Amino acid sequence: MVHNAPSISPCEHSSGQYMKAVTNLPSPNSKLSYHSLLVGLAHGQGSLLSSGFYGTSCPSVKRVVANAVAARLREDPSIAGPLLRMFFHDCFVFGCDASVLIKSTPSNSAERDAGPNQTIRELGLIDTIKVQLEAVCPGVVSCADIVALAAKEAVVQSGGPDWEVEVGRRDGSNSTAAEASTNLPSSLLNVPSLIQFFASKGLSIRDLVTLSGAHSIGNAHCFQAARRIYGFKSPSGIDPTMNISYAQVLKKTCPLPIVERSRVPLDPSTPALFDNKYYQDLLQNRGLFTSDSSLVADSRTSSIVVEYAKDEQSFFTNFVRSMLNMGRIGVLTGGKGEIRRHCSSINH
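Just so we're clear, the structure is a prediction, and the values are computed from it rather than from any experiment.

## Focus on the overall build of the protein chain
Okay, step 1: A tally of regular secondary structure across the protein chain gives 15 helices and two strands.
Okay, step 2: As presented, the protein chain carries roughly 13,400 Å² of accessible surface, and 55% of it is formed by carbon and sulfur atoms.

## Considerations on the nonpolar core
Okay, step 1: Ranked by size, the top nonpolar core spans 79 residues in total, and within it Leu-84, Leu-101, Phe-319 and Met-323 carry the most contacts.
Okay, step 2: Sequence-distant contacts of Leu-101, that is, excluding residues within four places in its chain, are made with Met-86, Arg-112, Leu-123, Ile-126, Cys-143, Val-147, Arg-340, Cys-343 and Ser-344.
Okay, step 3: Membership of the second largest hydrophobic core comes to 14 residues, among which are Ala-220, Cys-222, Ala-225 and Ile-238.

## Let's talk about the UniProt feature "binding site: Ca(2+) 2" (unreviewed entry) in the protein chain
Okay, step 1: Residues annotated in UniProt with the feature "binding site: Ca(2+) 2" (unreviewed entry) correspond here to Asp-267, Thr-270 and Asp-275.
Okay, step 2: Of note, Thr-270 is situated in the loop between strand 2 (263–265) and helix 12 (277–283).
Okay, step 3: With near-sequence residues (within four places) excluded, Thr-270 lies in contact with Ser-216, Asp-275 and Lys-277.
Okay, step 4: With respect to the helices, strands and loops of the structure, Asp-275 is situated in the loop between strand 2 and helix 12.
Okay, step 5: Not counting residues within four places of it along the chain, the set of residues in contact with Asp-275 comprises Ser-216, Asp-267, Thr-270, Glu-312, Phe-315 and Phe-316.
Okay, step 6: For Asp-275, the side chain forms a polar contact with the side chain of Thr-270, separated by 2.7 Å.

## Brief notes about the state of the cysteines
Okay, step 1: Inspection of the entire model under this criterion finds four disulfides.
Okay, step 2: The disulfide bridge from Cys-58 ends at Cys-137, spanning 2.1 Å between sulfur atoms. Its S-S torsion of about 80° marks the bond between Cys-58 and Cys-137 as right-handed, since a negative value means left-handed. Remark: Cys-137 occurs in the loop between helix 5 (123–136) and helix 6 (143–156) and Cys-58 occurs in the loop between helix 2 (31–42) and helix 3 (61–75); sequence separation between them is 79 residues. The two residues Cys-58 and Cys-137 agree in class, both being buried.

## Some remarks on the UniProt feature "site: Transition state stabilizer" (unreviewed entry) in the protein chain
Okay, step 1: The positions that UniProt labels "site: Transition state stabilizer" (unreviewed entry) are, in the present scheme, Arg-85.
Okay, step 2: Locating Arg-85 in the fold gives a position in helix 4 (residues 80–91).

## Describing helix 11 (residues 244–253)
Okay, step 1: When helix 11 is considered as a whole, its buried residues turn out to be Tyr-246, Ala-247 and Leu-250. Along the axis of helix 11, the buried positions cluster into a sector of 100°, meaning they face one direction only.
Okay, step 2: Turning to helix 11, the residues buried within the fold contact helix 10 (222–229) and strand 2.
Okay, step 3: Two or three places before Ser-245, at the opening of helix 11, Asn-243 has a side-chain oxygen 2.9 Å from that residue's backbone nitrogen.

## A short note on the packing of aromatic side chains
Geometrically, a pair of aromatic rings is defined through the distance of the ring centres and the angle of the planes.
Okay, step 1: Enumeration over the complete set of coordinates arrives at 12 aromatic pairs.
Okay, step 2: Measuring from ring centre to ring centre gives 5.2 Å for Tyr-279 and Tyr-308, while their planes differ by 70°; the resulting arrangement is edge-to-face. Separated by 29 residues along the polypeptide, Tyr-279 in helix 12 and Tyr-308 in helix 14 (residues 299–310) bring together distant segments of the chain. Like Tyr-279, the residue Tyr-308 is buried in the burial classification.
Okay, step 3: Between Tyr-279 and Phe-315 the ring centres are 5.0 Å apart and the planes differ by 70°, which places this aromatic pair in the edge-to-face class. Here the residue Tyr-279 occupies a position in helix 12, and Phe-315 occupies one in helix 15 (residues 312–326), the gap between them amounting to 36 residues.
Okay, step 4: What makes Tyr-279 buried here is its relative accessible area of 0%.
Okay, step 5: Taken together, the ring pairs connect Trp-163, Phe-274, Tyr-278, Tyr-279, Tyr-308, Phe-315, Phe-316 and Phe-319 into an aromatic cluster.

Quick notes on the rules
- Residues numbered from 1 in each chain as written.
- Predicted model: local features only at pLDDT ≥ 70, side-chain atom pairs only at ≥ 80, totals over all residues.
- Heavy atoms only, no water.
- Helix = DSSP H or I, 4+ residues; strand = E, 2+ residues; numbered from the N terminus.
- Areas by Shrake-Rupley, 256 points an atom, 1.4 Å probe, with all protein chains shown as cover.
- Core = buried A, V, L, I, M, F, W, Y, C linked by side-chain atoms within 4.5 Å.
- Buried < 20%, exposed > 50% of the residue type's maximum accessible area, 1.4 Å probe, protein only.
- Contact = heavy atoms within 4.5 Å.
- UniProt positions renumbered as here; feature names shortened; annotations may be inferred.
- Polar contact = N/O pair within 3.5 Å; in protein donor to acceptor, adjacent residues only side chain to side chain.
- Disulfide = S-S within 2.5 Å.
- Arc of directions from axis to C-beta.
- Phe/Tyr/Trp six-rings, centres within 6.5 Å; stacked < 30°, edge-to-face > 60°.

Written out as structure tokens, the structure is:
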């Protein structure tokens, strides 16, 4: 959705790993389907989350997170997309348990070192927030909740809707690169494959279209765009489903040879503002990725795109609902999991 260049988050991805993910999409009988069963069972834990969970144990948590995100945005306005993307990439692998933050060890390659996650940004900001919260509420606030709260602030402080984040998650101790490579949907996928991925996490078709709106903010790597403007099997090398004027703009932004870290906005109209222009652009064939443009080519998703393009409030209302739905995936609550002292490593 959201990312920095997508899977379905605001994102930045490793092309080699993503090509592998696309060509090895799990079958209905694969581990992905089994994982969806686990997600379904774990969704019951979501009912234990509450917006007031830290009301007495750490009443300043929301203010601390909001202030930290605001300060970082003043330094670098582009970090909103990566923060939103981080929440997506956490929840889609092992559930929303901050497993994406864990560093690899000599005996384990963790999620953050998987191809789709190697360009995740702002892990340091989450660490900074954790240090600040440990100073006022030691051992209370989970890293998983910090990621969720920071994602919300990224949306709100970019002009998007506000909502009360459900908290009470605990942190997980499992993190493997293999799971990340399997469970993060690629920006190369079409609607049928995307529906399968989202359904495996207990998310609906409307959730798919709504959460794709995370691409309203953030950037993508130019090598992602290059696939549709230089390497497509057409006389011009441009994907014929893409608006030609938009393709020419992309070529100017991402000239050959592609510089590895060069970026292009996910939303060409208002890249720093969280709004419904993403959907309006899709209707003009100005979607950056296949996963974006395919939303207008399938009747199951195109009507929702039209709805959101016309009605920003409908998009905002449903985005809040879908973020809450995603935030309940595979959560650990009660006596499960732990409250990490440091977000990058499990407690010992």
